[in-house]
Amino acid sequence: MAGPSTTTPPTGGVLESLSNDLAGAVDRAGQSVVAIQARRRIPASGVHWRPGIIVAAHHTIQREEDITISLADGTTVAATLAGRDPSTDLAVLKVDDAKVPVASLADGSAIRVGALVLALGRPGIAVTASLGVISTVGGEWRTWHGGTIDRFVRLDLSIYDGFSGGPLVDASGRVLGINTSGLSRGAALAIPGSTVNRVVDQLVKTGRVARGYLGLGMQAVRLPAALVEKLSLPNDVGLMVVSAEPGGPGDTAGILIGDVLIAIADKPVGDPADVMSLLGGDQIGKPLSTGIIRGGEPKTVSITIGERPREPRDARDPRAGRRGR
Amino acid sequence: MIDVSTGPLGTELEALASTLRQSVVEVRTRGTGAGSGIIWSADGLIVTNAHVARTEHATIVLWDGRELDGVVTAHDPRRDLATIAIDPGSVTLVAATVGHPTDLRTGDVVVALGHPWGVTGSIALGIVHAVETRRGAPRWIRADIRLAPGNSGGPLTDARGRVVGVNTLIAGGLGVAVPATTVSRFLEQVQARRTRSTSRAA
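Residues numbered from 1 in each chain as written. Chains lettered and ligands numbered in written order. Predicted model: local features only at pLDDT ≥ 70, side-chain atom pairs only at ≥ 80, totals over all residues. Heavy atoms only, no water.

1. Quick notes on the domain arrangement of chain B
Residue and element names in this part refer to chain B.
Link 1 in the chain: Each assigned domain of chain B is listed here: domain 1 (4-86) and domain 2 (101-184).
Link 2 in the chain: Look at where the C-alpha atoms of domain 1 and domain 2 centre, and you get two points 14 Å apart.
Link 3 in the chain: Of the residues lining the interface, 22 residues belong to domain 1; the matching set on domain 2 comes to 28 residues.
Link 4 in the chain: For the pair domain 1 and domain 2, the two sides together bury roughly 1,900 Å², of which 72% comes from carbon and sulfur.
Link 5 in the chain: The three residues of domain 1 that bury the most area against domain 2 are Leu16, Leu20 and Ser36, which together make up 25% of that side's buried surface.
Link 6 in the chain: In this assembly, domain 1 and domain 2 are joined by zero salt bridges.
Link 7 in the chain: Seen at the junction of domain 1 and domain 2, the total is nine residue pairs in polar contact (both at pLDDT 80 or more).
Link 8 in the chain: Ranked by the residues each element gives to the side of domain 1 that touches domain 2, the list is headed by strand 2 (residues 33-41), at six residues.
Link 9 in the chain: Residue composition of the side of domain 1 that touches domain 2, by class: 12 nonpolar, six polar and four charged. (Domains from an automatic or database assignment. Contact = heavy atoms within 4.5 Å. Buried area = accessible area lost by both parts, 1.4 Å probe. Salt bridge = Lys/Arg side-chain N within 4 Å of Asp/Glu carboxyl O. Polar contact = N/O pair within 3.5 Å; in protein donor to acceptor, adjacent residues only side chain to side chain. Helix = DSSP H or I, 4+ residues; strand = E, 2+ residues; numbered from the N terminus. Nonpolar A, V, L, I, M, F, W, Y, C, P; charged D, E, K, R; others polar.)

2. Observations regarding the pairing of strand 8 (residues 128-138) of chain A
In regular strands, side chains alternate between the two faces of the sheet.
Residue and element names in this part refer to chain A.
Link 1 in the chain: Alignment of strand 7 (residues 116-121) against strand 8, held across six bridges, turns out to be antiparallel. The partner of leucine 120 across the bridge, within strand 8, is alanine 129.
Link 2 in the chain: In this antiparallel pair of consecutive strands, strand 7 and strand 8, the connection spans six residues.
Link 3 in the chain: Direction of pairing for strand 8 relative to strand 11 (residues 152-156): antiparallel, over a ladder of five bridges. Opposite valine 137, over in strand 11, you have valine 153 as the bridge partner. (Pairing = 2+ DSSP bridges.)

3. Observations concerning the pairing of strand 1 (residues 24-29) of chain B
Residue and element names in this part refer to chain B.
Link 1 in the chain: Along strand 1, five of the six residues are buried, which leaves the element largely enclosed by surrounding structure.
Link 2 in the chain: One ladder, built from six bridges, connects strand 1 with strand 2; its direction is antiparallel. For arginine 28, the partnering residue across the bridge sits in strand 2 and is alanine 34.
Link 3 in the chain: In the sheet, strand 1 pairs with strand 4 (residues 57-61) via three bridges, with the strands oriented antiparallel. The residue of strand 4 that forms the bridge with glutamate 26 is valine 61. (Buried < 20%, exposed > 50% of the residue type's maximum accessible area, 1.4 Å probe, protein only.)

4. Some details on the nonpolar core
Link 1 in the chain: Membership of the largest hydrophobic core comes to 43 residues, with the highest contact counts inside it found for A:Trp49, A:Leu118, A:Leu120 and A:Val196.
Link 2 in the chain: Ignoring anything within four residues of it in the chain, the contact list for A:Trp49 reads A:Val55, A:Val102, A:Ala103, A:Leu105, A:Val175, A:Ile178, A:Gly193, A:Val196, A:Asn197 and A:Val200. (Core = buried A, V, L, I, M, F, W, Y, C linked by side-chain atoms within 4.5 Å.)

5. A word on the environment of A:Val117
All names here are of chain A.
Link 1 in the chain: Turning to its location among the elements, valine 117 is positioned in strand 7.
Link 2 in the chain: When its relative accessible area of 1% is taken as the criterion, valine 117 is described as buried.
Link 3 in the chain: When the C-alpha atoms of valine 117 and threonine 195 are compared, they prove to be 19 Å apart, with 78 residues separating the residues in sequence.
Link 4 in the chain: Valine 117 has contacts with Ser130, Leu131, Gly132, Val133, Ile134, Leu157, Leu168, Val169 and Leu176, leaving out every residue within four places of it along the chain.

6. A word on the interface of chain B and chain A
Link 1 in the chain: On the side of chain A, 29 residues touch chain B, which itself brings 32 residues to the contact.
Link 2 in the chain: Summing both sides of the interface, chain B and chain A together bury roughly 2,600 Å²; the carbon and sulfur share of this comes to 64%.
Link 3 in the chain: Ranking the residues of chain B by area buried against chain A places B:Glu12, B:His129 and B:Arg160 at the top, with a combined share of 22%.
Link 4 in the chain: Residues A:Glu16 and B:Arg160 are paired through a salt bridge, measuring 3.9 Å at the closest nitrogen-oxygen approach.

7. Points about the sheet that holds strand 6 (residues 90-95) of chain A
Two orientations exist for strands paired in a sheet by backbone hydrogen bonds: parallel and antiparallel.
Residue and element names in this part refer to chain A.
Link 1 in the chain: Pairing is antiparallel in the closed barrel, where six strands are placed in the order 1-2-3-6-5-4. Averaged over all adjacent pairs, the angle separating strand axes in this sheet is 40°, with direction ignored.
Link 2 in the chain: Judged from the four bridges that link them, strand 4 (residues 67-70) and strand 5 (residues 76-85) form a sheet pairing that is antiparallel. For isoleucine 69, the partnering residue across the bridge sits in strand 5 and is valine 77.
Link 3 in the chain: Contacting strand 2 (44-50), strand 3 (53-57), strand 5 and strand 6, helix 2 (residues 193-206) runs over the sheet at an angle of about 60° to strand 6. (Axes fitted to C-alpha atoms, helices over the stretch in contact; angles between N-to-C directions.)

8. Here's the deal with the packing of helix 1 (residues 14-30) of chain A against helix 1 (residues 8-21) of chain B
Link 1 in the chain: In the contact formed by helix 1 of chain A and helix 1 of chain B, the axes pass within 8 Å of each other and the chain directions differ by 105°. When the axes of helix 1 of chain A and helix 1 of chain B are compared, the pair comes out roughly perpendicular. Of helix 1 of chain B, the residues touching helix 1 of chain A (which contributes A:Val14, A:Leu15, A:Glu16 and A:Leu18) are B:Pro8, B:Leu9, B:Glu12, B:Leu13 and B:Leu16.
Link 2 in the chain: Residue composition of the contact of helix 1 of chain A with helix 1 of chain B, by class: seven nonpolar, no polar and two charged. (Parallel < 35°, antiparallel > 145°, perpendicular 65-115°, else oblique.)

Take a look at the structure:
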């Protein structure tokens, strides 16, 4: 029914070769992208990272049993949860029988601002994709749950429903990292491959990523000028304790709600992130000299750093499911 | 000074847009605002969405600003497709080249052209997100592309500018297009119905 046309689109142009490259990248990288059934909503995505090892976004794994995984070859296999790390929003699943290729990892140097990238997902049977660029690359950063991510990688692309846990791939189909919307209020971020490797190593070995823990909820507060002067404090901010986990390290050491932390290990603290940075997994069991103000008087308390409980409440936080994709 | 606009990718996209623009019209009807349409054949057949062509008559604005009266000749709300006939008179219409939605792969580059928010001849670039099929035939093309309401009825093309779909709606941030194969089937049925009614009348 199409009538005569005076337009003859050219073949072999750069746009067409870009199209072929991108479709080829989706096809190649898509072989290792899996669908994970571990929540009530639509399936989430994951990547066949190493033989028998599937990497997923922690916030999409909402049950610990009856997890099944659909592979690129159309088969569905049972998976077990090897471990999860809420602090980096990563989880590792094990499968016995995955006859699909493992992801081909790109060198970390491929993570550059302006790099043309694809986010892949398998929120169902077929692999789906979105196109964009890497918009920001920064240094090491700490997530709001205290995890350390080697580089800050922000993406200018759409993370559609079910895309968290899927790979970020370059135009040749090599994997640069794992995408998630669960680390930054829904903004598209990628967890670089080096961080994924580190977390996978730990989760496969011990089933968890150990992190130090004080069991205290803190809020930055400005201190009255008179108090700052009286105690000759280096800083006019402190961290007021707003909650203390009963039996937690802070509670055991005698910290009370209303205490204001002003220094840890002789260094002033004014932001909860200052405290987080002192709570690496290697610090567990070590004493932490903590300067506080209670009732207007300075005091020093020694807190023994504990290990963060294995199943933090946020794993089951219903808000996490809504926030992330 | 570096002239970025003459890079091969930019030049090609500009050429694709200026060619395609000649085959895209603005469809104005009373009440529903403006949508887009595709010149399907040079004798004056325009394809658009049914939700764009809800009235019997429409004003068709060509790429160069000329306005022609259009008559809605077929309307299928189920497929969200409609045809509008215009009498080109002395005007030479440039029909779009129709492509093959069945060849689309996830990741393929796609281009949309239309009149979002009343801005004429606006272009968007994206990729195929998924091609939803039913019984082996493409049913919907989902594209990772930024569309706006005025894109309705306009073309989604492949990297060579061949029309693979009619942009129809935006769902979950994705552009959703009716495949060109569905348009062809719709036009065949319209043609068959017309032939039947003509022979009955005779």
